[in-house]
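Working through the structure, step by step
Below, each chain spelled out in residue letters.
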Amino acid sequence: HEGVGALGKIDLASWQFSGFVPVPIDSDRVAALGDAWVATIDLDQWTTPTLLDASTGAVVDSLPHQVSEGALCATSDGQILFIGDSSSSAGEVARYDVSTGKLVMTARSVGPMGVGFYYPTRAITCASDGSFLFYGGYAVEGTGLTVTYAQPDPILSLTPDGRLAISATTVYRASDGMVLGSLPA
């Protein structure tokens, strides 16, 4: 909720809005990290990856102004957070262990051919187990963050089992980018 200074809560049993959790930053991207924490990144050009207590909105940890136009995604168990940095031709993605409530970097990409991702968009999609992700026009292995193949069609979602990568118009086999079908308009 841009400009509200809070995150909206949804009761998963009833799928009803159940109120707001006030937060100290204007969140642009949000990722759930289990039941205890939420990762967020603010709207501004130089963004602050922040871990928040999901119940109170209190800051648990943050990296002030560390990422240019950041993007983030998390594993389904809430243990790993990927943060994309969209700064010019030096764009990169980093992997953080957040299991202890701290942002602990465990890997950083170097992008294709040993250089950064060239002006990547502010979007990142990762497999539920963190084994791979899509960022800056590429499929990236999720542990060491090495590029595995080019994927210029922005991937919007992955199936929970990680087999299929879905763009706005096409379904791909996630392991190698092979086109499996198109989506109707």
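Each remark here, short or long, concerns the structure printed above.
Here we summarise the structure given alongside this text. (Residues numbered from 1 in each chain as written. Predicted model: local features only at pLDDT ≥ 70, side-chain atom pairs only at ≥ 80, totals over all residues. Heavy atoms only, no water.)

We describe a pair of aromatic rings using the distance from one ring centre to the other and the angle between the two ring planes. If you walk through the whole model with that rule in mind, you get three aromatic pairs. Residues Phe 17 and Phe 20 carry aromatic rings whose centres are separated by 5.0 Å and whose planes lie at 70° to one another, so their mutual orientation is edge-to-face. Overall, the relative accessible area of 42% leaves Phe 20 in the partly exposed class. Measuring from ring centre to ring centre gives 5.9 Å for Phe 132 and Phe 134, while their planes differ by 90°; the resulting arrangement is edge-to-face. Each member of the pair, Phe 132 together with Phe 134, is buried. One aromatic cluster is present, built from ring pairs that chain together Phe 132, Phe 134 and Tyr 149. (Phe/Tyr/Trp six-rings, centres within 6.5 Å; stacked < 30°, edge-to-face > 60°. Buried < 20%, exposed > 50% of the residue type's maximum accessible area, 1.4 Å probe, protein only.)

Here we take up the nonpolar core. In terms of nonpolar packing, the biggest core is built from 15 residues, with Leu 81, Ile 83, Tyr 96 and Leu 103 touching the most fellow members. Secondary-structure elements contributing two or more residues to this core are strand 3 (27-33), strand 4 (37-42), strand 9 (71-74), strand 10 (80-85) and strand 11 (92-97). Non-local contacts of Ile 83, meaning those with residues more than four positions away in its chain, are made with Ile 41, Pro 49, Val 67, Ala 71, Leu 72, Glu 92, Val 93, Ala 94, Tyr 96 and Leu 103. (Core = buried A, V, L, I, M, F, W, Y, C linked by side-chain atoms within 4.5 Å. Helix = DSSP H or I, 4+ residues; strand = E, 2+ residues; numbered from the N terminus. Contact = heavy atoms within 4.5 Å.)

Along a regular strand, successive side chains alternate from one face of the sheet to the other. Burial along strand 14 (residues 132-135) is two-sided: Phe 132 and Phe 134 and Leu 133 and Tyr 135, pointing in opposite directions, are all buried. Here strand 13 (residues 124-126) pairs with strand 14 via three bridges, running antiparallel. Along strand 14, the bridge assignment pairs Ile 124 with Tyr 135. Here strand 13 hands over to strand 14 after five residues, with Gly 130 in that stretch at a positive phi of 75°. Bridge count between strand 14 and strand 15 (residues 138-141): four bridges; the pairing is antiparallel. When the sheet's bridge partners are listed, Tyr 135 is paired in strand 15 with Tyr 138. Where strand 14 hands over to strand 15, the hairpin turn is made up of two residues, of which Gly 136 adopts a positive phi near 60°. (Pairing = 2+ DSSP bridges.)

Attention now goes to the pattern of salt bridges. Working definition: two side chains of opposite charge can pair if their charged atoms are close together. Counted by the stated rule, this structure contains five salt bridges. In this structure, Arg 122 and Asp 28 form a salt bridge, with 3.5 Å as the shortest nitrogen-oxygen distance. Of the two residues, Arg 122 is situated in the loop between strand 12 (104-108) and strand 13 and Asp 28 in strand 3; the sequence distance between them amounts to 94 residues. Look at Arg 122 and you get buried, because its relative accessible area is 17%. The shortest N-O distance in the salt bridge between Arg 163 and Asp 161 comes to 2.9 Å. One connected set of salt bridges, linked through shared partners, spans Asp 28, Arg 29 and Arg 122. (Salt bridge = Lys/Arg side-chain N within 4 Å of Asp/Glu carboxyl O.)

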